[in-house]
Amino acid sequence: MAAWRSRLERFFAGRLVVLAISALLLAPCYWQPRIQAGDLSSHIYNSWLAQLIESGRAQGLVVAPQTTNVLST
């Protein structure tokens, strides 16, 4: 019985440590008025535009494949 109690205490102690660290890491997110990644907005715009193009609602635009590896050209 004491062995189970010891295991449960260690289990919950470990969980409490993880929860406390997570709360400390997430705390700054709550006092920021606005959170935005550096270029997240441009990625969102590009994915929105690609969806418009693929659905045919952006006349005259096409999605073209692009390679960025210099060795593959």
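A. Region of the structure containing the overall build of the protein chain. Regarding its fold elements, the protein chain presents 2 helices and 0 strands. Here the protein chain holds 73 residues, and 4% of them are scored as buried. With the model as given, the accessible surface of the protein chain reaches about 7100 Å², and the carbon-plus-sulfur share is 65%.

B. Representation of a nonpolar patch on the surface within the structure. Side chains of Val17, Ile21 and Leu25 sit close together on the surface and give an oily, nonpolar patch of about 300 Å² of accessible area. Following the sequence through the fold, Leu25 ends up in helix α1 (residues 2-31). For Leu25, a relative accessible area of 63% gives the class exposed.

C. Geometry of the packing of aromatic side chains. Enumeration over the complete set of coordinates arrives at 1 aromatic pair. A ring pair is formed by Tyr45 and Trp48, whose centres lie 5.8 Å apart and whose planes are at 40 degrees; its orientation type is tilted. One end of the pair is Tyr45 and the other is Trp48, both in helix α2 (residues 40-55) and 3 residues apart, which spans about a single turn. Residue Trp48 is classed as partly exposed on the basis of its relative accessible area, which comes to 45%.

D. View of α2. With 16 residues, α2 should cover 22 Å at 1.5 Å per step; its first-to-last C-alpha distance of 23 Å lies within 8% of that length. Remark: Gly56 follows α2 within two positions and exhibits a positive phi of approximately 85 degrees.

About the criteria used
- Residues numbered from 1 in each chain as written.
- Predicted model: local features only at pLDDT ≥ 70, side-chain atom pairs only at ≥ 80, totals over all residues.
- Heavy atoms only, no water.
- Helix = DSSP H or I, 4+ residues; strand = E, 2+ residues; numbered from the N terminus.
- Buried < 20%, exposed > 50% of the residue type's maximum accessible area, 1.4 Å probe, protein only.
- Areas by Shrake-Rupley, 256 points an atom, 1.4 Å probe, with all protein chains shown as cover.
- Patch = residues over 30% accessible without salt bridge, like charges linked within 9 Å, V, L, I, M, F, W, Y side chains within 5 Å.
- Salt bridge = Lys/Arg side-chain N within 4 Å of Asp/Glu carboxyl O.
- Phe/Tyr/Trp six-rings, centres within 6.5 Å; stacked < 30°, edge-to-face > 60°.
- Expected span 1.5 Å × (residues − 1).

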